[in-house]
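The residues making up each chain are set out below.
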Amino acid sequence: DTGVSQDPRHKITKRGQNVTFRCDPISEHNRLYWYRQTLGQGPEFLTYFQNEAQLEKSRLLSDRFSAERPKGSFSTLEIQRTEQGDSAMYLCASSSDDPVYTYEQYFGPGTRLTVT
Amino acid sequence: RKEVEQDPGPFNVPEGATVAFNCTYSNSASQSFFWYRQDCRKEPKLLMSVYSSGNEDGRFTAQLNRASQYISLLIRDSKLSDSATYLCVAMGGKLIFGQGTELSVKP
């Protein structure tokens, strides 16, 4: 399967714990995006990378959130000191950086986080 | 106010019906617009782009009115397999999603 993959698919954690999610984009895609989606809402943009450079971060991304893409391939999203409000589906997407195709983002299956 | 707003539905229609979804956007600087489809507990997937001149793909027609900042999606002869959530998306650098409109097509 050469699509976007995410790991883990589900994570249950206790409030205050740190969690880390991984995303592997489509190999030829330079752009990688993180979104958060809660029930009944559309995905909300968190941040995106062009190769290893983090080019934009949403105001939704508090200081407890950090994302990296160290070698321009896979990316990690870490949430420190989790809160119950962090419970959501975390989606990763990738796209080409060709301006003609950047809108066509391919999403991974997501990591569902539950904070108890 | 959300940047992209949609009627959340749900829209419950019989097979064969025609159904229309509407969407408004607030950022006049948005450059491009799209409809994504999301099946239950699945990831969103691009359905089609939206142009001012209209865009038709089989039973699906999308339309953009820049003056009114309004986007529409029309589905004709709806099928059971069309049941999903339809996400209106504006792009101005990054994708901004509406909350989605849920469609349920019944036999």
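One can find the structure itself at the top, above this paragraph.
An account of the accompanying structure is given in this report. (Residues numbered from 1 in each chain as written. Chains lettered and ligands numbered in written order. Predicted model: local features only at pLDDT ≥ 70, side-chain atom pairs only at ≥ 80, totals over all residues. Heavy atoms only, no water.)

## Quick notes on the sheet that holds strand β6 (residues 55–57) of chain B
In a beta sheet, neighbouring strands are held together by backbone hydrogen bonds and run either parallel or antiparallel to one another.
All names here are of chain B.
In step 1: Spatial strand order, β1-β3-β8-β7-β6: five strands in an open sheet with antiparallel pairing. Each end of this open sheet is capped by a strand with a single partner; those strands are β1 (4–6) and β6. Each strand of the sheet is rotated relative to its neighbour by a mean of 15°, with strand direction disregarded.
In step 2: As defined by bridge partners, strand β7 (residues 60–65) adjoins strand β8 (residues 70–75) across six bridges and the pair is classed as antiparallel. (Pairing = 2+ DSSP bridges. Helix = DSSP H or I, 4+ residues; strand = E, 2+ residues; numbered from the N terminus. Axes fitted to C-alpha atoms, helices over the stretch in contact; angles between N-to-C directions.)

## What about the nonpolar core?
In step 1: Of all hydrophobic cores here, the largest spans 24 residues; its most connected members are B:Phe21, B:Trp35, B:Ile71, B:Leu73, B:Ile75, B:Tyr86 and B:Leu103.
In step 2: Elements with a minimum of two residues in this core: β3 (19–25), β4 (32–38), β5 (45–50), β7, β8, β9 (84–91) and β11 (101–106) of chain B.
In step 3: Not counting the four nearest positions on each side in its chain, B:Ile71 is found in contact with B:Phe21, B:Asn22, B:Cys23, B:Tyr25, B:Phe33, B:Trp35, B:Val50, B:Gln63, B:Leu64 and B:Cys88.
In step 4: Counting 19 residues, the second largest nonpolar core, distinct from the first, contains A:Phe49, A:Ala67, A:Ile79 and A:Leu113. (Core = buried A, V, L, I, M, F, W, Y, C linked by side-chain atoms within 4.5 Å. Buried < 20%, exposed > 50% of the residue type's maximum accessible area, 1.4 Å probe, protein only. Contact = heavy atoms within 4.5 Å.)

## A few points about the interface of chain B and chain A
In step 1: Listed as interface residues are 16 residues of chain B and, on the opposing side, 17 residues of chain A.
In step 2: The interface formed by chain B and chain A contains one salt bridge.
In step 3: With a closest N to O distance of 2.8 Å, B:Lys94 and A:Glu56 form a salt bridge.
In step 4: For the pair chain B and chain A, the number of links is five residue pairs in polar contact (both at pLDDT 80 or more).
In step 5: Looking at the side of chain B that touches chain A, the elements that each hand over two or more residues are β4, β5, β9 and β10 (95–97) of chain B.
In step 6: It is β4(B) that provides the largest number of residues to the side of chain B that touches chain A, a total of three residues.
In step 7: Here the side of chain B that touches chain A is composed, by residue class, of eight nonpolar, four polar and four charged. (Salt bridge = Lys/Arg side-chain N within 4 Å of Asp/Glu carboxyl O. Polar contact = N/O pair within 3.5 Å; in protein donor to acceptor, adjacent residues only side chain to side chain. Nonpolar A, V, L, I, M, F, W, Y, C, P; charged D, E, K, R; others polar.)

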